[in-house]
Amino acid sequence: MDYKQNLVFKSNKKELTMNSRIDIHVIDILGIEASSYTINKSNSEQDGANVTSVKIEPRQITITGDIEKNENELENREKLIRFFNPKQTGTMFITRNDVARKIQYEVSSLSFPTNKMYERTQFTLDLECTEDPYFSDAKNRGNYLTLISPQFTFPLVINPTKIMGYKTFKPYLPLVNDGDKETGIEIIATAKRGKVDNLKFILNNNQYIKLNNVTLNQWDVLKINTNPRKKSVTLNGENIINKIDRNSTFFSLRIGKNILKYECDNGSSNIDIDVQFYRKYLGV
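Residues numbered from 1 in each chain as written. Predicted model: local features only at pLDDT ≥ 70, side-chain atom pairs only at ≥ 80, totals over all residues. Heavy atoms only, no water.

### Here's the deal with the nonpolar core
Soluble globular proteins: nonpolar side chains tend toward being buried together.
Part 1 of the argument: Counting residues in each nonpolar core, the largest one holds 30 residues, and the members touching the most others are Leu199, Phe201, Leu216, Leu222 and Leu260.
Part 2 of the argument: Looking at which element gives the most residues to this core, the answer is strand β24 (residues 271–277), with four residues.
Part 3 of the argument: When near neighbours in sequence (up to four residues on either side) are disregarded, leucine 216 contacts Ala189, Ala191, Gly194, Lys195, Val196, Leu199, Leu222, Leu235 and Ile271.
Part 4 of the argument: Formed by 26 residues, the second largest nonpolar core is a distinct cluster that contains Leu16, Ile32, Met92 and Leu127. (Core = buried A, V, L, I, M, F, W, Y, C linked by side-chain atoms within 4.5 Å. Buried < 20%, exposed > 50% of the residue type's maximum accessible area, 1.4 Å probe, protein only. Helix = DSSP H or I, 4+ residues; strand = E, 2+ residues; numbered from the N terminus. Contact = heavy atoms within 4.5 Å.)

Below you can see the structure in the form of structure tokens.
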């Protein structure tokens, strides 16, 4: 099958694109399917063995490409060398037949095989995705716990005294993770209409994150990130992780449907809550 592919790399506030419509082309790409994995086993008195765990190994991605033979050939070769600096990490965004995903990478090597004089300059780029071998959504999935309910009727007649919409408050939110792995979330809570005391977020009626002796004044912003290697709790940018209840858990969305609820001691109608997450995938 002839796949339509577009690669965009972002690193150190710079961006580089590879596709068939520009000077730097992709000939082949390996390693974007399911990553390799290790099955850990223990001895069993029965036939076979007991599976104790399955570990997804770091992902290796190899990209083979070439550079258009024109007046920009040497400049584009230099651009590749400078961009894929092994001391800088980056993010690769891949769109394959309208499916868009991204992954963090480190550069293992960049090489240019010897070319004949009149052939295009070819290159081989090896990337390693060590910390997180999963692809994720190119854009986050966003959900809100507060909504504007419309008050329009048709045919529409504008009345200056009529309420055009009103704020509705729901203390729970369904979140669907239809990826291949559980994933953390980021909660952004803004006290838009007044004070909010001691927020508590509950996932699937069992795990929770609770703040003790923390008041959000109007326009204060609380951020909670439960993603591995990014776990944090901040209030207006200041670390307040020491303010969470000792039994709190940095929970993750299981595969399938999840229910996130929130409670507080005072001010439940004063807050807007934005919940963001990236689904994780074994491949593209």
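Read on, since the account is not over.
### Considering unusual backbone geometry
Part 1 of the argument: Phi is positive for aspartate 98, close to 75°, though the residue is something other than glycine.
Part 2 of the argument: Residue placement: aspartate 98 occurs in the loop between β7 (90–96) and β8 (99–111).
Part 3 of the argument: Phi is positive for arginine 229, which is not a glycine, with a value near 70°.
Part 4 of the argument: Inspection of the secondary structure puts arginine 229 in the loop between β20 (221–225) and β21 (232–235).

### A look at the confidence of the model for the protein chain
Part 1 of the argument: In this model, the protein chain carries an average pLDDT of 88, and 88% of its residues clear a pLDDT of 70 or more.
Part 2 of the argument: This stretch, residues 147–154, has a pLDDT under 50; its non-local contacts, to residues over four places away or in other chains, come to 16 contacts. (pLDDT = per-residue confidence, 0-100.)

### Things to note about the packing of aromatic side chains
Part 1 of the argument: Across all of its chains, the model carries three aromatic pairs by this definition.
Part 2 of the argument: A centroid spacing of 5.0 Å and a plane angle of 75° characterise the contact between phenylalanine 83 and phenylalanine 84, whose relative ring orientation is edge-to-face.
Part 3 of the argument: Aromatic ring contacts, followed pair by pair, group Phe9, Phe83, Phe84 and Tyr105 into a single cluster.
Part 4 of the argument: The ring of phenylalanine 112 has arginine 77 sitting right over it, with the charged end atom 4.2 Å from the ring centre.
Part 5 of the argument: Sitting above the plane of the tyrosine 281 ring, arginine 101 keeps its charged end 3.5 Å from the centroid. (Phe/Tyr/Trp six-rings, centres within 6.5 Å; stacked < 30°, edge-to-face > 60°. Lys NZ or Arg CZ within 6 Å of the ring centre and 35° of its normal.)

### Side note on the pairing of strand β2 (residues 14–18)
Part 1 of the argument: Where strand β1 (residues 5–11) lies against β2, five bridges are found, and the strand directions are antiparallel. The residue bridging serine 11 from the neighbouring strand is lysine 14, located in β2.
Part 2 of the argument: The antiparallel pairing of β1 with β2 creates a hairpin that spans two residues between the two strands, and asparagine 12 there sits at a positive phi of about 50°. (Pairing = 2+ DSSP bridges.)

### Things to note about the environment of aspartate 265
Part 1 of the argument: Along the chain, the position of aspartate 265 falls in the loop between β23 (256–263) and β24.
Part 2 of the argument: For aspartate 265 and valine 196, which are 69 residues apart along the polypeptide, the C-alpha to C-alpha distance reads 7.6 Å.
Part 3 of the argument: Setting aside residues no more than four positions away along its own chain, aspartate 265 makes contact with Asp197 and Asn198.
Part 4 of the argument: At 2.7 Å, the side chain of aspartate 265 and the side chain of asparagine 198 are in polar contact. (Polar contact = N/O pair within 3.5 Å; in protein donor to acceptor, adjacent residues only side chain to side chain.)

### Looking at a nonpolar patch on the surface
Part 1 of the argument: Taken together, the side chains of Tyr37, Ile39, Val51 and Val54 present a nonpolar region at the surface, about 400 Å² in accessible area.
Part 2 of the argument: Where the nonpolar patch is concerned, the elements lending two or more residues are β4 (37–43) and β5 (49–56).
Part 3 of the argument: Note that valine 54 resides in strand β5. (Patch = residues over 30% accessible without salt bridge, like charges linked within 9 Å, V, L, I, M, F, W, Y side chains within 5 Å. Areas by Shrake-Rupley, 256 points an atom, 1.4 Å probe, with all protein chains shown as cover. Salt bridge = Lys/Arg side-chain N within 4 Å of Asp/Glu carboxyl O.)

### Details of the layout of surface pockets
Part 1 of the argument: Considering only enclosed or pocket space, the largest pocket measures out at about 820 Å³ in volume.
Part 2 of the argument: Considering the residues around the largest pocket, the lining is formed by 34 residues, among which Gln104, Asp132, Pro228, Lys230 and Lys280 are closest to the centre.
Part 3 of the argument: Looking at the lining of the largest pocket, the elements with two or more residues in it are β8, β9 (121–129) and β24.
Part 4 of the argument: The element best represented in the lining of the largest pocket is β8, accounting for five residues.
Part 5 of the argument: Split into classes, the residues belonging to the lining of the largest pocket amount to ten nonpolar, twelve polar and twelve charged. (1 Å grid on protein atoms, 1.4 Å probe; cavity = no way out; pocket = protein on both sides within 12 Å on 5 of 7 lines; lining within 4 Å. Points joined across faces, edges and corners; volume = space filled by probe spheres on them. Nonpolar A, V, L, I, M, F, W, Y, C, P; charged D, E, K, R; others polar.)

### Describing the sheet that holds strand β17 (residues 200–203)
Part 1 of the argument: Taken in spatial order, the four strands make up an open sheet running β14-β23-β17-β18, and their pairing is antiparallel. Bordering the open sheet on either side are β14 (172–177) and β18 (207–210), each of which pairs with just one other strand. Mean inter-strand twist for the sheet, computed between neighbouring axes without regard to direction, equals 20°. (Axes fitted to C-alpha atoms, helices over the stretch in contact; angles between N-to-C directions.)

### What to know about the pattern of salt bridges
Part 1 of the argument: Scanning all chains against the criterion turns up nine salt bridges.
Part 2 of the argument: In this structure, the salt-bridge partner of lysine 69 is glutamate 73, at a minimum N-O distance of 3.4 Å.
Part 3 of the argument: Judged by its relative accessible area of 11%, glutamate 73 is buried.
Part 4 of the argument: Across the salt bridge formed by arginine 279 and aspartate 137, the nearest N and O atoms sit 2.9 Å from each other. Placement of arginine 279 in the loop between β24 and β25 (280–281) and of aspartate 137 in strand β10 (residues 135–137) is noted, with a sequence separation of 142 residues between them. By the burial criterion, arginine 279 is buried, and aspartate 137 matches it.
Part 5 of the argument: Three or more residues are tied together by salt bridges with common partners; here these are Asp66, Glu68 and Arg120.

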